[in-house]
Amino acid sequence: MDPLFLLLPLLAAMAAVAADRNGARARYYALIGSALGLAMLPLAGFGTHSLTWFSVGGTAIQITTSITPLSFMLLFLVLAIGSLVLAYSFGFMDLPSEQRRFYTEMLAFEAAMLAFAMSGGFILLFIAWEFLSLSSYLLIGFWHGREKAVAAARKAITIVLISDIALLAAVVMFLNVYGTLSFSSILAAGISSNLQLAAMALLLIAVITKSAQFPMQEWLTDAMAGPTPVSAYLHSTTMVKAGVFVVLVLLPLFSAAGMMPALLAIAAVTIAVAIAGTLREHQIKRVIAYSTVEELGLILLAASVGAVFAAIYFFFAQSFYKSLLFFGAGNSMKATGSEDLYTITGLGSSRLVKYTVLFGALSLAGFIPFDGFFANFGIASAFAANLAAYALISAASLATSFYIFRWFMLQDRKPASAAVATGFLGLPRSMTYPMAVLAAATIAASGAFFVFPNVFGLQGISLQSYAGAIAAVVETAVVAVGAVAAVLFYTRKARVNKTAAVASAAPTRITIVAEATNAIYAHLAAFVEAVARGFAFFDDWLISAYDVAGHVSVLTGSRLRRIASGSVNTYVLVFAIGLALLAIAVVVV
Amino acid sequence: MLLDYAFMASVAALVFGSVTLRLASSKRAMFWFSSVVLAVILALTLLLQYTGGSATSMGILSFNPFSLFFAMLFTAGVLLVNTLAYARARDYGNFAALAALALSGMYLVAFANSLVSVFIGLELMSLPSVFMVLLSKRDSMEAATKLFIMAALSIATLSMAMVLIYGASGTLSFQQANEGALVGFAFVLFVAALGFEASVFPFNVLLPDVYQGSGAYMTAMLGGVNKKVGFAALLQVLILLFITLKADFAVVAILAVATMFYGNLVALLQTDLKRLLAYSSISQAGYILLGIAVANQAGVSGSLVQIFAHMFLFVGAMSIVAWLESKGRSDIDGTLGLYKDNRLMAIALSIFLLSMVGLPFTTGFVGKFLIFLSAVNSGLAILAILGIINSVISIFYYAKVLTSMYTAKVGGYRIRVDAQTLAVVGVCLALTVLFGVYPQPLVHLAGSASSYLFAAGA
């Protein structure tokens, strides 16, 4: 059966939400739709299906779907985490007036990502890609009364639409070169012409933009202005994962195009910039947003050296702990009413909240037996042969462990007031229970490390081998050092205040890169505007040449002359100049 | 054959009926009369399409898939604008009569079998249009005068081109011209004259002034319908007369690129919504011209789809602008918080604008996709890349309007929308989405129109 049927429950839920006049039942419809999709997932068997959308001049434009183990994994993540996110939203989005719009947009977002995950060719991929951009734009700007949210949404849509158009260009070129757009035929055909290289370059632009890789990373951290459930979803399984997913699916093509070194370089710079961001930021969500950028960089890094299994497993494992941590951030914000790490306290007031968040932090840092350990271990062992690379990866691990425990310890300080404590204790169950599920998943997902090699038919990584054991020990030691350092550093109150001041004062060399990227965007915009001004000047000139040409009006009626003189004459002049240039062009051609 | 006569009889009924009714009757009767007759004509063109449009030749008129494609488009466009004008026009009676006259001119261009029909048709369209602009707004004298002078210039240039062609080949019927200096200059003159009619840079520089200076419903007519007549003429002349002179099409490509850049870059700086859409429509004309520059059947098919798409997008967007204008909100700030004032209008305008960028499942995507694809397939990837760069630029100004609509504002209240605007927006939206989701019939129509044109040109 064509897996497009998986979209039906979501579309039906959207219709139900839209029809729900006062929005009281919108959330139930949304959750039921998503859960139903998850329940129906096993019905989607492996295989490829094609549906002709339209055909033009003998070329059929086909909507191809394909279910492979990889896409099945993503479908599962999208539906499972999507359902948890929707459940979490029950408590987080508690204003009745925003229910209908929120759940409609969330369902659209989920449906777009589902369509993306099942796409087996570029047409469906492009459509889903575009609708992902749009629905994320609506969700990032969801609180359109807040200036920051509107600015962030605009930045996101502008940057992300660039990726869409780059993708469209690539799609058109692929269709020209291969005569088909299904991944399997394109992968089989390989790369042989310059046009294909150009198409791959455009695809690379699309991918790094969508996945917020350097130099396009800045839209993602600004996108934190959206509601927290959106952030949790956007960072764990949807949207940003789309870019790296395309890389994983089409990796042989990137390899054939000789783009692996470029991927490696982009990933390495992204990781450095992102880590600098995590260490500098105060805003609770922005820290873990930069951390997502880093993780996407790591997936790309593994892919760029051909460590496919490590990349896929990281992709899988990251979804659980990252959505968990965003839920945690949402809880802290809801309970304390603050977004600044240095003013948030009292995470420990509710044990359930504290320990689930701790699970997420331990997993992200990479402690055994959480899935984050295996994810990091996979990446590290891909670089085990190269000592310098291995050292750098370990340094990144150390920093990761440090920043996530900084993030955790700052929140876990003694509650500043009784109100904060009751805030945490008063969190609705819909916000805490999904966290418990995800916390359990961070351990359960470790099992996948041993199952995936068989499922995907890939070479796994053995823990028992000598190098594997060493790597595991080294990694544990590294993350432990990072964690201990953070704990020591951020438990004393005086220290905390001091570092707050220091952190905001001195930008390091790498954080300058992040700011420079923003500056580059600004310069680029200024450049385009300058060119535009040139054209506008031309337009103005037409109007201001009015006085000069006004005397030679071709018309005699005095009223007509007054009105028509000037600009019309210059229009005539431009018409004539255009005509002359055209004549010259024809002669030359 | 019967259908052909029925068609012509209906057009005659429309013209004479409107002109007579204007003297005698009420606005309401006038509206229903012209709407019903236009609907009948639309049905007849569709029927003619369906029965094959077997290229019957009636003297200077030819009923073929190409002409029927445009006849259908013009009828639908005027039908929509007529509805809009009923709600907005200061002097609806005169508008309807003039629109009927202009439409008969458009049909002459669409069904042209020789340059004479094109010439007379453009004349017959331009003159009433000038007066329609004049009547559309209190202070539209300037816009009307500008339009008149430029249209006169364009017609004069066209006649010069025809003189040259007649001198070179001894006929004014559509027939491939031979290589030669005279023909080269005729080509240039045709491109300039019809380039004005189709809003091609640099022959279009007055357009934004005219668009801004007219009532918004009239802007919908000019940008949505009149400019498409320019393309109908341009396509016929370029393909039927000059397709064998492939080298000259490089000039068309240059103009296409210049038009796209001009429209998009200047649009970036606009603050008036009508002016912004004017420049955006210039850039869209650039995309359409890109398909023509490819100079093969696939490219022209793409252009035809894009022409279809843009007509409904522009008329739809302009009807919302006309509605805003009637509330005294004609600049971009006028869209501020539109989502709060009227959700349906905000969503419709978003879809129109996004479709202009090329959102999938809307007609705008299909047109752009086919044009870019044909360019790449013909080894003109550079043109596709330039087109795509332009799409990127256009995002910036469309995003400005989009963001403004969804920005919350203090105060604001539900603003009701009149039935006519609602109907027009609804139809445009439905067609945009319908043929975006299921493009096959549209692609098929455009394909048969363009293959007819190339078969006739060969």
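Calculation criteria
- Residues numbered from 1 in each chain as written.
- Chains lettered and ligands numbered in written order.
- Predicted model: local features only at pLDDT ≥ 70, side-chain atom pairs only at ≥ 80, totals over all residues.
- Helix = DSSP H or I, 4+ residues; strand = E, 2+ residues; numbered from the N terminus.
- Buried ≥ 20, exposed ≤ 12 C-beta atoms within 10 Å, placed from the backbone.
- Rg over C-alpha atoms; globule rule 2.2 N^0.38 Å.
- Core = buried A, V, L, I, M, F, W, Y, C linked by C-beta atoms within 7 Å.
- Domains from an automatic or database assignment.
- Contact = placed C-beta atoms within 7 Å.
- pLDDT = per-residue confidence, 0-100.
- Pairing = 2+ DSSP bridges.
- Axes fitted to C-alpha atoms, helices over the stretch in contact; angles between N-to-C directions.
- Parallel < 35°, antiparallel > 145°, perpendicular 65-115°, else oblique.
- Left-handed = near helix turned anticlockwise from the far one by under 90°.
- Nonpolar A, V, L, I, M, F, W, Y, C, P; charged D, E, K, R; others polar.
- Expected span 1.5 Å × (residues − 1).
- Bend = angle between axes of the 7 residues up to and from the residue.

Undergrad: Give me the overall build of chain A: which residues, what numbers.
TA: Summing up its helical and strand segments, chain A has 27 helices and two strands in all. Within the span of chain A, comprising 589 residues, buried residues form 55% of the whole.

Undergrad: How would you summarise the overall build of chain B if you had to cite specific residues and measurements?
TA: The helix and strand tally for chain B stands at 18 helices and two strands. A compact globule built from 458 residues should have a C-alpha radius of gyration of about 23 Å, and chain B, at 21 Å, falls within 12% of that. Along the first, second and third principal axes, the C-alpha atoms of chain B reach 70 × 55 × 40 Å. Looking at chain B as a whole, 67% of its 458 residues are labelled buried.

Undergrad: Account for the nonpolar core, naming residues and giving values.
TA: Formed by 415 residues in total, the largest nonpolar core has its most connected members in Ile140(A), Ala170(A), Val172(A), Ala302(A), Tyr313(A), Phe314(A) and Ala293(B). The biggest single contributor to this core is helix 6 (residues 147-178) of chain A, with 20 residues. Inspection of this core shows a minimum of three residues originating in each of domain 1 (1-258) and domain 2 (517-588) of chain A. In contact with Tyr313(A), other than residues within four places in its own chain, are Phe374(A), Ala375(A), Gly378(A), Ala448(A), Phe449(A) and Phe452(A).

Undergrad: Which residues make up the confidence of the model for chain A, and what are the values?
TA: Residue and element names in this part refer to chain A. With 85% of its residues at a pLDDT of 70 or more, chain A has an overall mean of 83. Contacts for the low-pLDDT stretch residues 504-510, under 50 throughout, to residues beyond four places or in other chains number five contacts. Across residues 544-566 the pLDDT falls below 50, and counting only partners more than four positions away or on other chains, this stretch makes 25 contacts in the model.

Undergrad: Before we move on, can you summarise the pairing of strand 1 (residues 47-56) of chain A with the specific residues and values?
TA: Examined bridge by bridge, strand 1 of chain A and strand 2 (residues 59-67) of chain A share nine bridges and lie antiparallel to one another. The residue bridging Leu51(A) from the neighbouring strand is Ile63(A), located in strand 2 of chain A.

Undergrad: For the confidence of the model for chain B, give the residues involved together with the corresponding values.
TA: For chain B, per-residue confidence averages 88 on the pLDDT scale, and residues scoring 70 or more make up 97% of the total. Both confidence scores are given for the complex: pTM 0.85, ipTM 0.81.

Undergrad: Summarise the pairing of strand 2 of chain A; cite the residues concerned and give the values.
TA: Where burial is concerned, most of strand 2 of chain A is hidden: seven out of the nine residues are buried. With antiparallel pairing between neighbouring strands as the criterion, strand 1 of chain A and strand 2 of chain A make up a hairpin whose turn holds two residues, including Gly57(A) at a positive phi of roughly 55°.

Undergrad: Describe in detail unusual backbone geometry, supporting the description with residues and values.
TA: Residues and elements named next belong to chain A. The residue after Ile 368, namely Pro 369, is reached through a cis peptide bond having omega 10°. Looking at the element boundaries, Pro 369 is found in the loop between helix 16 (351-365) and helix 17 (371-382). In this model, Ala 212 sits at a positive phi of 55°, which is unusual for a non-glycine residue. Locating Ala 212 in the fold gives a position in the loop between helix 8 (194-210) and helix 9 (218-222).

Undergrad: Before we move on, can you summarise the packing of helix 13 (residues 260-280) of chain A against helix 18 (residues 387-411) of chain A with the specific residues and values?
TA: Residue and element names in this part refer to chain A. It is at 10 Å that the axes of helix 13 and helix 18 come closest, and there the two elements cross at 25°. Viewed along their axes, helix 13 and helix 18 adopt a mutual orientation that is roughly parallel. Crossing hand, helix 13 versus helix 18: left-handed. Each of Ile 271, Ile 275, Thr 278 and Leu 279 in helix 13 lies in contact with helix 18, whose residues at this interface are Ala 396, Ala 399 and Tyr 403. Of the residues belonging to the contact of helix 13 with helix 18, the class tally is six nonpolar, one polar and no charged.

Undergrad: So what's going on with helix 4 (residues 99-117) of chain A? Residues and values would help.
TA: For helix 4 of chain A, built from 19 residues, the straight-helix expectation of 27 Å at 1.5 Å per residue is met to within 8% by its first-to-last C-alpha distance of 27 Å. Extensive coverage of helix 4 of chain A is indicated by the burial of 19 of its 19 residues.

Undergrad: Give a description of helix 16 (residues 381-405) of chain B that names residues and reports values.
TA: Over its 25 residues, helix 16 of chain B runs 36 Å from end to end, which matches the ideal 36 Å to within 8%, given 1.5 Å per residue. At Tyr398(B), helix 16 of chain B shows its largest bend, some 25°.

Undergrad: Got a sec to walk through the packing of helix 15 (residues 308-336) of chain A against helix 21 (residues 448-456) of chain A? Specific residues and values, please.
TA: Residues and elements named next belong to chain A. Helix 21 packs onto helix 15 with a crossing angle of 125° between their chain directions and a minimal axis gap of 11 Å. Compared by their axis directions, helix 15 and helix 21 come out oblique. Along this stretch, helix 15 crosses helix 21, giving a crossing that reads as right-handed. For the pair formed by helix 15 and helix 21, the contact residues are Phe 309, Ile 312, Tyr 313 and Phe 316 on the first element and Ala 448, Phe 449, Phe 452, Pro 453 and Phe 456 on the second. Across the contact of helix 15 with helix 21, the residue classes break down as nine nonpolar, no polar and no charged.

Undergrad: Outline the environment of Ala278(B), listing residues and values.
TA: Residues and elements named next belong to chain B. Structurally, Ala 278 can be placed in helix 11 (residues 273-294). Its 27 C-beta neighbours within 10 Å are what place Ala 278 among the buried residues. The sequence separation of Ala 278 and Val 133 amounts to 145 residues, and the corresponding C-alpha distance is 15 Å.

Undergrad: Give me the environment of Gly299(B): which residues, what numbers.
TA: Relative to the elements of secondary structure, Gly299(B) occurs in helix 12 (residues 297-326). Considered as a pair, Gly299(B) and Ile371(B) are 72 residues apart in the sequence and their alpha carbons are 5.6 Å apart.

Undergrad: Now, about the environment of Val479(A): what can you tell me, with residues and values included?
TA: All names here are of chain A. With respect to the helices, strands and loops of the structure, Val 479 is situated in helix 22 (residues 466-491). Taking the C-beta count within 10 Å as the criterion, Val 479 has 27 such neighbours and is therefore assigned buried. Placed 81 residues apart in sequence, Val 479 and Leu 398 show a C-alpha to C-alpha distance of 5.4 Å. Sequence-distant contacts of Val 479, that is, excluding residues within four places in its chain, are made with Ala 365, Gly 366, Phe 367, Ser 397 and Ser 401.

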